[in-house]
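# Structural features, examined
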Amino acid sequence: MEVAKWHGQQDVRVGEDDIPETGKNEVRIKVEAAGICGTDLHEYKAGPIFVPNFGEPNPITGAEPPVPLGHEFGGVVDEVGSDVTEFSPGDSVAVNPGIACGSCRYCDEGMYNQCEKLAFVGLSAKSGGFAEYATVPASNVHRLPDNVPTEYGALVEPLSVCLRAVRRAGIQAGDSVAVFGTGPIGLGLVLCATAAGAEQIFVSEPRDARRQLATDAGADTVIDPTEMDAVAEITEATDGGVDIALEATGVQPGFEDAIQSTRPDGQVTIVSISEDTFEIDTNSIVIPERNINGTLAYQTGPIKTEFERVINLLKKEKIDPSILVTDRINLKNIVSDGFERLTDPESNQVKILVKPEE
Ligand SMILES: [Zn+2]
Ligand SMILES: [Zn+2]
């Protein structure tokens, strides 16, 4: 089968591998679509980050480079292991890629996303979604309802990141919300904040095409922060600041604007993972008694909170994920049509789905 693996920085290769064997607690999935994520681009440009170092296999999966990439994917069950009873060949599924150890302090406390050894399918495991087939533990598989296209299985993972962020931010019906940065996660935040009942959503995003997508996703007011003072606009329109700001830019001006746009005692939730460290004026938190927290990925292991809720929201059409997908490409061309375009700052692409050839 065809599979794309990370071999090193700027070195992702599409090659041939045997179709993986299915372990007794595993499910083998014939991949229909896999999304390219910012994390994949970080690995491509500056890895290994979540990919293990050469010679240092992940303690849970035993995987070390070259490793298959692709942690956001959906497909159809092809084969189930001898101990798997809850899935059958032909089931349409989405994959939660997080594999927790189940025995560290944080796993004991049910904080599986903080597992000290946490592995991810498609980053630090032997299978990934940029392949024709992938094997994953059955406990990481979620069945998709009949009215949700299998392709959208690839969007459940990024939307789960957004759902967790919105829940950790505590968005309630009627709240005003500002989202800073509308790449795939920022757009998903707009979709999830809308589903959560946000009454007024502001978006600050410098790229024209992404502002248009933010409007399509449900934003009421879109601001180009290179043309306008986002903080002044938001503060005036809300008479003092939004109830909740969600930071998804990963750059210093985004952090500053997110904090300054929030009302006294408002909530700032940081969703982005940044490459740099920033200086923050702590008085901008202390004096207005603002609250700041972070949010990482989604639960995994036995806790299905985010994945199941996202799937239910898709089933009930409370979230329309179609606006996230800006192109579909063939696995063969993943580097030229995928990684290269998404790392080009002039590109209008947001989420590219990779499809193995039929
Ligand atoms: Zn991702
Ligand atoms: Zn653990």
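Residues numbered from 1 in each chain as written. Chains lettered and ligands numbered in written order. Predicted model: local features only at pLDDT ≥ 70, side-chain atom pairs only at ≥ 80, totals over all residues. Heavy atoms only, no water.

### Things to note about the coordination of the zinc ion (ligand 1)
At the metal site, the zinc ion (ligand 1) is ligated by Cys 37 (SG), His 71 (NE2) and Glu 72 (OE), and these contacts range over 2.1 to 2.4 Å. Binding-site remark: the zinc ion (ligand 1) is held by donors from one chain whose sequence spacing is C-x33-H-E. The same class applies to His 71 as to Glu 72, namely buried. (Donors = N, O, S within 2.8 Å, 3.2 Å for Na, K, Ca; no water. Buried < 20%, exposed > 50% of the residue type's maximum accessible area, 1.4 Å probe, protein only.)

### A closer look at the nonpolar core
Of all hydrophobic cores here, the largest spans 90 residues; its most connected members are Ile 36, Phe 130, Ile 171, Val 177, Leu 246 and Phe 339. Among the domains, domain 1 (2–143 + 320–355) and domain 2 (163–294) are the pair contributing at least three residues each to this core. In this structure, Phe 180, Phe 202, Ile 259 and Val 268 belong to the second largest nonpolar core, which totals 11 residues. (Core = buried A, V, L, I, M, F, W, Y, C linked by side-chain atoms within 4.5 Å. Domains from an automatic or database assignment.)

### Description of the coordination of the zinc ion (ligand 2)
Reference values for coordination geometry: four tetrahedral donors around a metal ideally subtend 109.5 degrees, six octahedral donors ideally subtend 90 or 180 degrees. Donor atoms from the polypeptide that coordinate the zinc ion (ligand 2) comprise Cys 101 (SG), Cys 104 (SG), Cys 107 (SG) and Cys 115 (SG), at 2.3 to 2.4 Å from the metal. Classification of the site at the zinc ion (ligand 2) rests on its four donor atoms, whose angles at the metal span 102 to 118°, yielding the label tetrahedral. (Tetrahedral: all angles 85-135°; square planar, octahedral: opposite > 155°, others 65-115°.)

### Comments concerning the packing of aromatic side chains
Tallied over the full model, the rule gives six aromatic pairs. Centroid distance Trp 6 to Phe 54: 6.0 Å. Interplanar angle 35°. Geometry classified as tilted. Within this pair, whereas Trp 6 is found in strand 1 (residues 2–8), its partner Phe 54 is found in the loop between helix 1 (38–46) and strand 4 (67–68), the two being separated by 48 residues in sequence. For Trp 6, a relative accessible area of 1% gives the class buried. (Phe/Tyr/Trp six-rings, centres within 6.5 Å; stacked < 30°, edge-to-face > 60°. Helix = DSSP H or I, 4+ residues; strand = E, 2+ residues; numbered from the N terminus.)

### Thoughts on the sheet that holds strand 2 (residues 11–16)
As a general point, the strands of a sheet are linked pairwise by backbone hydrogen bonds and lie either parallel or antiparallel. Across the sheet, which stays open at both edges, the three strands sit in the order 2-1-4 with antiparallel pairing between neighbours. A strand with exactly one partner marks an edge of an open sheet, and here the two such strands are strand 2 and strand 4. In the sheet, strand 1 pairs with strand 2 via six bridges, with the strands oriented antiparallel. Bridge pairing links Lys 5 to Arg 13 in strand 2. (Pairing = 2+ DSSP bridges.)

### Here we look at the pairing of strand 11 (residues 176–180)
Counting buried positions along strand 11 gives five out of five residues, so the element sits mostly inside the fold. The alternating pattern of strand 11 places Ser 176, Ala 178 and Phe 180 and Val 177 and Val 179 on opposite faces, both of which are buried. As paired strands, strand 11 and strand 12 (residues 200–204) are joined by five bridges and run parallel to one another. Note on strand 12: the bridge partner recorded for Phe 180 is Ser 204. Once you follow strand 11 into helix 4 (residues 184–195) and on to strand 12, the crossover reads as right-handed. Two elements, strand 11 and strand 14 (residues 242–247), share four bridges in a ladder whose sense is parallel. (Right-handed = clockwise from strand over helix to strand, strands pointing away.)

### Let's talk about the environment of Ile 49
As for its position among the elements, Ile 49 is in the loop between helix 1 and strand 4. Under the relative-accessibility criterion, Ile 49 is labelled partly exposed at 49%. In this structure, the C-alpha to C-alpha distance between Ile 49 and Leu 123, residues 74 residues apart in sequence, is 9.1 Å. If we skip the residues at most four places from it in the chain, Ile 49 touches His 42 and Glu 43. (Contact = heavy atoms within 4.5 Å.)

### Observations regarding the packing of helix 3 (residues 153–169) against helix 9 (residues 305–315)
Where helix 3 meets helix 9, the axes come as close as 9 Å, and the angle between the chain directions of the two elements is 105°. In terms of orientation, helix 3 lies roughly perpendicular with respect to helix 9. The residues of helix 9 that touch helix 3, namely those facing Val 156, Glu 157, Leu 159, Ser 160, Leu 163, Arg 164 and Arg 167, are Thr 305, Glu 306, Phe 307, Arg 309, Val 310, Ile 311, Leu 313 and Leu 314. Per-class residue counts for the contact of helix 3 with helix 9 are eight nonpolar, two polar and five charged. (Axes fitted to C-alpha atoms, helices over the stretch in contact; angles between N-to-C directions. Parallel < 35°, antiparallel > 145°, perpendicular 65-115°, else oblique. Nonpolar A, V, L, I, M, F, W, Y, C, P; charged D, E, K, R; others polar.)

### Let's talk about the pairing of strand 6 (residues 92–95)
Residues of strand 6 alternate between two faces, with Ser 92 and Ala 94 on one and Val 93 and Val 95 on the opposite face, all of them buried. Relative to strand 10 (residues 141–143), strand 6 is paired through three bridges, and the arrangement is antiparallel. Bridge pairing links Ala 94 to His 142 in strand 10.

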